Amino acid sequence: MSRLFKITALVPSLSRTRTQRELQNTYFTKLVPYENWFREQQRIQKAGGKIIKVELATGKQGTNAGLS
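Notes on the structure in this doc start here. All values reported here derive from a predicted model rather than from experimental measurement.

Comments concerning the nonpolar core
As a rule of thumb, soluble globular proteins bury nonpolar side chains together. Formed by Phe5, Ile7, Ala9, Val11, Phe28, Val32, Trp37 and Ile44, the largest nonpolar core amounts to 8 residues. Elements supplying a minimum of two residues to this core: β1 (4-13), β2 (24-33) and α1 (37-46). With 4 residues, the top contributor of residues to this core is β1. Sequence-distant contacts of Val11, defined by excluding residues within four places in its chain, comprise Gln24, Asn25, Thr26, Phe28, Ile44, Ala47 and Gly49.

Brief notes about the environment of Asn36
Note on placement: Asn36 falls in the loop between β2 and α1. With a relative accessible area of 28%, Asn36 lands in the partly exposed category.

Details of the pairing of β1
In terms of burial, β1 is a largely internal element, 8 of the 10 residues being buried. The sheet contact formed by β1 and β2 spans 10 bridges and is antiparallel. Of the residues in β2, the one forming a bridge with Thr8 is Thr29. Pairing between β1 and strand β3 (residues 50-57): 7 bridges, direction antiparallel. What sits directly across from Thr8, in β3, is Lys53.

Considerations on the sheet that holds β1
Strand order in the open sheet formed by 3 strands is β2-β1-β3, with antiparallel pairing between adjacent strands. Strand pairing shows two members of the sheet lacking a second neighbour, β2 and β3, which therefore form its edges. The sheet shows a mean angle of 20 degrees between the axes of neighbouring strands, taken without regard to direction. Where α1 meets the sheet, it contacts β1, β2 and β3, and its direction lies at approximately 170 degrees from that of β2.

The rules behind each value
- Residues numbered from 1 in each chain as written.
- Predicted model: local features only at pLDDT ≥ 70, side-chain atom pairs only at ≥ 80, totals over all residues.
- Heavy atoms only, no water.
- Core = buried A, V, L, I, M, F, W, Y, C linked by side-chain atoms within 4.5 Å.
- Buried < 20%, exposed > 50% of the residue type's maximum accessible area, 1.4 Å probe, protein only.
- Helix = DSSP H or I, 4+ residues; strand = E, 2+ residues; numbered from the N terminus.
- Contact = heavy atoms within 4.5 Å.
- Pairing = 2+ DSSP bridges.
- Axes fitted to C-alpha atoms, helices over the stretch in contact; angles between N-to-C directions.

Right, dumping it as structure tokens:
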């Protein structure tokens, strides 16, 4: 059983908006294995997102617990 982080993040998304100026923030919660945490953190920050909450979690790897 690997250690998992349950992360909640906010990422600005341009894909679902009509104009480029309109920013829509997308919240999502997902489980990230301890080994992949740093890479995931980089990915979110590169996308201009913010990590809201990080918790230790136990569960199945790769489960997406939120709506993206």
